[in-house]
Amino acid sequence: VERAKFLYSAGFFLTVSPESMLTVAKHAAETGKYYMINLAAPFICQFFKDPLLKLFPYVDFIFGNESEARTFAQVQGWETEDTKVIAVKMAALPKASGTH
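These figures come from a predicted structure and were not determined experimentally.

**Regarding the environment of Pro-57**
Counting through the fold element by element, Pro-57 comes out in the loop between helix 3 (49-55) and strand 3 (61-63). In this structure Pro-57 comes out as partly exposed when scored by relative accessible area, which is 23%. Taking the C-alpha atoms as reference points, Pro-57 and Leu-22, 35 residues apart in sequence, are found 10 Å from one another. Not counting residues up to four positions away in its chain, the partners in contact with Pro-57 are Pro-94, Lys-95, Ala-96 and Ser-97.

**Thoughts on the packing of aromatic side chains**
Under the criterion given, the structure shown has seven aromatic pairs. Both rings, one in Phe-43 and one in Phe-48, keep their centres 6.5 Å apart while their planes meet at 70 degrees; by these two values the pair is edge-to-face. A relative accessible area of 34% places Phe-43 in the partly exposed class. With centroids separated by 5.5 Å and ring planes inclined at 70 degrees, the aromatic side chains of Phe-72 and Trp-78 adopt a geometry described as edge-to-face. Given the relative accessible area of 1%, Phe-72 is considered buried. For Trp-78, a relative accessible area of 18% translates into the label buried. Members of the aromatic cluster, joined through ring pairs, are Phe-6, Tyr-34 and Phe-61. Taking NZ or CZ as reference, Lys-89 lies 5.3 Å from the ring centre of Trp-78, over its face.

**Quick look at the pairing of strand 1 (residues 6-10)**
Burial along strand 1 is one-sided: the face carrying Leu-7 and Ser-9 is buried and the face carrying Phe-6, Tyr-8 and Ala-10 is not. Judged from the five bridges that link them, strand 1 and strand 2 (residues 34-38) form a sheet pairing that is parallel. Looking at strand 2, one finds that Phe-6 is bridged to Tyr-34. Crossover strand 1 to strand 2 through helix 1 (residues 18-31) is right-handed.

Calculation notes
- Residues numbered from 1 in each chain as written.
- Predicted model: local features only at pLDDT ≥ 70, side-chain atom pairs only at ≥ 80, totals over all residues.
- Heavy atoms only, no water.
- Helix = DSSP H or I, 4+ residues; strand = E, 2+ residues; numbered from the N terminus.
- Buried < 20%, exposed > 50% of the residue type's maximum accessible area, 1.4 Å probe, protein only.
- Contact = heavy atoms within 4.5 Å.
- Phe/Tyr/Trp six-rings, centres within 6.5 Å; stacked < 30°, edge-to-face > 60°.
- Lys NZ or Arg CZ within 6 Å of the ring centre and 35° of its normal.
- Pairing = 2+ DSSP bridges.
- Right-handed = clockwise from strand over helix to strand, strands pointing away.

On their own, these measurements won't tell you what the molecule is for.
Written out as structure tokens, the structure is:
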């Protein structure tokens, strides 16, 4: 973690240790590294909404397929299924570092 420039977590890790993910994500923001996450599955967006949202201010790159993105938007109450609109809304979420 200390020597890495890019840090990646699968969203599935939220099911076992969201605190670890948040620690690594904050480290990335504090040290100018890139933090990436994969939404992993629609159920992650549904049942791990709060820990996922706690990570978002520290996330520089989000990976997800169409169904994961649509589920994320639905859970957030965005009332759209347009993945382009969802991507723009995700990108507009607040950032902790503001640099990436």
